[in-house]
Amino acid sequence: MNFNRIQSTVDTNQMKKSRVTVVGGANSLAKDLVRSGLGRLTMIDFDTVDPTNPARQDLDNADIGRFKVEAITDAINRINPDAQVNFLIRDFCDIGSEEFDQLLGDSDLFIFATDFF
């Protein structure tokens, strides 16, 4: 992907080395991070796309019934196939500390975009 137009404002070399973990929604933000050169992204959510989501979230009617993290992963892969995108279909609160370190220990930033806290 060619990042020449944004390199004067975004350190794309640092972004390429970085890993962000998004818990919950923030689909548009995840796409924008990848458009800004983010190299690695992990998304965690257990929710599926329902008929109300395309009207208010960055999802399509064709995604209804799919897990949100699967749908957004497909969209991100179309934007930048070089980005490493992983997802976990589960509740973040069910991840124990040992598993957390193994799965997410190298994350540079966590974004919590959940409906319920």
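Note that the structure is a prediction, hence the values are computed from the model and not measured.

Novice: It is not clear to me how the layout of surface pockets should be interpreted in this structure. Could you clarify?
Specialist: Considered as a void within the structure, the largest pocket measures approximately 490 Å³ in volume. The wall of the largest pocket is formed by 21 residues, among which G24, D45, F46, T114 and D115 lie closest to the centre. Secondary-structure elements contributing two or more residues to the lining of the largest pocket are β1 (19-24) and β4 (109-113). By residue class, the composition of the lining of the largest pocket is 10 nonpolar, four polar and seven charged. Size it by volume and the second largest pocket reaches roughly 210 Å³. As for the second largest pocket, its lining consists of 13 residues, of which F3, K16, G37, N80 and D82 are closest to the centre. Of the residues in the lining of the second largest pocket, the class split is four nonpolar, seven polar and two charged.

Parameters and conventions
- Residues numbered from 1 in each chain as written.
- Predicted model: local features only at pLDDT ≥ 70, side-chain atom pairs only at ≥ 80, totals over all residues.
- Heavy atoms only, no water.
- 1 Å grid on protein atoms, 1.4 Å probe; cavity = no way out; pocket = protein on both sides within 12 Å on 5 of 7 lines; lining within 4 Å.
- Points joined across faces, edges and corners; volume = space filled by probe spheres on them.
- Helix = DSSP H or I, 4+ residues; strand = E, 2+ residues; numbered from the N terminus.
- Nonpolar A, V, L, I, M, F, W, Y, C, P; charged D, E, K, R; others polar.

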